[in-house]
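The lines below spell out each chain.
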Amino acid sequence: MTTVEFSVEVDAPAETVWEIASDPRNLPQWDKHIVRVDLPAGGMVRDARYDVVMALMGVQATVRATVLEWEPPWRSCVRLEGLLDATVTTSVASLPFDRSVLRHEVTYRFRGPLGGFGAAGLNAMGGAGYALRHGVLAQKREIEERARA
């Protein structure tokens, strides 16, 4: 398993950061490889399950997500299973003057023949660290735009 992490300071209070960053419906806006997220009927709570449809280089796959931890507005941990096995931990920490730190840590591995294809595609685009940084910075922009509005 490989682990990547990225943290960023955000000009918004922790509650605003959490509201936006913890909503899986926003994932397609931040990661072009995520086509759709089918949320659980009961909302985001511990043990909730939902599907994430991903596409990489023209190949689509559904990844099953299970919420392992859900502690608003500070921390969540979600396990992904399928083509991509991963644990995504998101945390938000308050800073003075209505600022926050948003941190994502992803431990992952690709599985099977399609997984090898996915890993090669990810590496060709700059690797997991680049993809995570790109996604978190997209989150930061959206959060700060909404906080200013």
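For the structure itself, consult the block above.
Along each chain, residues carry numbers from 1 onward, in the same order as the chain's sequence is written. Reporting of local features is limited, given that this is a predicted model, to residues whose pLDDT is at least 70; pairs of side-chain atoms are given and counted only at 80 or more, and all residues count toward the totals for whole chains, interfaces and linings. To get the side-chain values, all heavy atoms of the structure are used, and hydrogens and water are removed first.

Visitor: With reference to specific residues and values, describe the overall build of the chain.
Guide: Counting secondary structure elements, the chain contains four helices and seven strands. Traced from its N-terminal end to its C-terminal end, the chain shows the element sequence β-α-α-β-β-β-β-β-β-α-α. Here the chain holds 149 residues, and 43% of them are scored as buried. Considering only contacts within the chain whose residues lie at least 6 apart along the sequence, 48% involve residues at least 24 apart. Elements are defined by DSSP. Helices are runs of H or I of four residues or more, strands are runs of E of two residues or more, and each kind is numbered from the N terminus. Partly exposed describes any residue whose relative accessible area lies between the buried limit of under 20% and the exposed limit of over 50%, with all areas from a 1.4 Å probe on protein chains only and scaled to the type maximum. For this analysis, residues touch if any pair of their heavy atoms sits within 4.5 Å.

Visitor: I'd love a proper account of the nonpolar core, names of residues and values included.
Guide: Ranked by internal contacts, the top residues of the largest apolar core, which has 34 residues, are Tyr50, Leu102 and Ile143. The biggest single contributor to this core is helix 1 (residues 14-21), with five residues. Those residues within four positions of Tyr50 in sequence are excluded, and the remaining contacts are Pro24, Val37, Asp38, Leu39, Pro40, Met44, Val63, Arg64, Ala65, Val67 and Val78. As used here, the term nonpolar core means buried Ala, Val, Leu, Ile, Met, Phe, Trp, Tyr and Cys residues forming a set that is joined through side-chain atoms within 4.5 Å.

Visitor: Before we move on, can you summarise the sheet that holds strand 6 (residues 84-95) with the specific residues and values?
Guide: One open sheet holds the seven strands; their spatial order is 1-7-6-5-4-3-2, and the pairing between them is antiparallel. Strand pairing shows two members of the sheet lacking a second neighbour, strand 1 (2-10) and strand 2 (34-38), which therefore form its edges. Each adjacent strand pair in this sheet contributes to an overall mean axis angle of 20°, direction not counted. Strands are treated as partners if at least two bridges between them are detected by DSSP. Of the strand pairs in this sheet, strand 5 (residues 75-81) and strand 6 are connected by six bridges, and their pairing is antiparallel. Paired with Leu80 across the bridge in strand 6 is Ala86. The angle between two axes is taken between their N-to-C directions and runs from 0 to 180 degrees, where each axis is a line fitted to C-alpha atoms and a helix contributes only its stretch in contact.

Visitor: Describe the pattern of salt bridges, listing the residues and the values that go with them.
Guide: For this document, the term salt bridge refers to a Lys or Arg side-chain nitrogen within 4 Å of an Asp or Glu carboxyl oxygen. Tallied over the full model, the rule gives twelve salt bridges. Here Asp23 and Arg25 are joined by a salt bridge, their closest N and O atoms 2.7 Å apart. Residue classification places Asp23 among the buried residues on the basis of a relative accessible area of 16%. Where Glu105 meets Arg103, a salt bridge forms, and the shortest distance between an N and an O atom there is 2.9 Å. Beyond isolated ion pairs, a larger network of salt bridges with shared partners links Glu5, Arg103 and Glu105.

Visitor: An account of the pairing of strand 6 is needed here, citing residue identities and associated values.
Guide: If you look at the hairpin formed by strand 5 and strand 6, you'll find two residues sitting between the two strands, and Gly82 has a positive phi there, around 145°. When strand 6 meets strand 7 (residues 99-110), the two strands line up antiparallel, connected through twelve bridges. If you follow Ser91 over to strand 7, its bridge partner there is Arg103. Where strand 6 folds back on strand 7, the antiparallel hairpin that results is connected by three residues, among which Phe97 adopts a positive phi of roughly 65°.

Visitor: So what's going on with the side chain of Asn26? Residues and values would help.
Guide: Tracing the backbone through its elements, the reader meets Asn26 in the loop between helix 1 and helix 2 (27-30). With relative accessibility at 8%, the residue Asn26 sits in the buried group. Nitrogen and oxygen atoms within 3.5 Å of one another constitute a polar contact, given that in protein one can donate a hydrogen and the other can accept it, and given that sequence-neighbouring residues count only through two side-chain atoms. A distance of 3.0 Å separates a polar side-chain atom of Asn26 from the backbone oxygen of Ile20. When near neighbours in sequence (up to four residues on either side) are disregarded, Asn26 contacts Ile20, Glu142 and Arg146.

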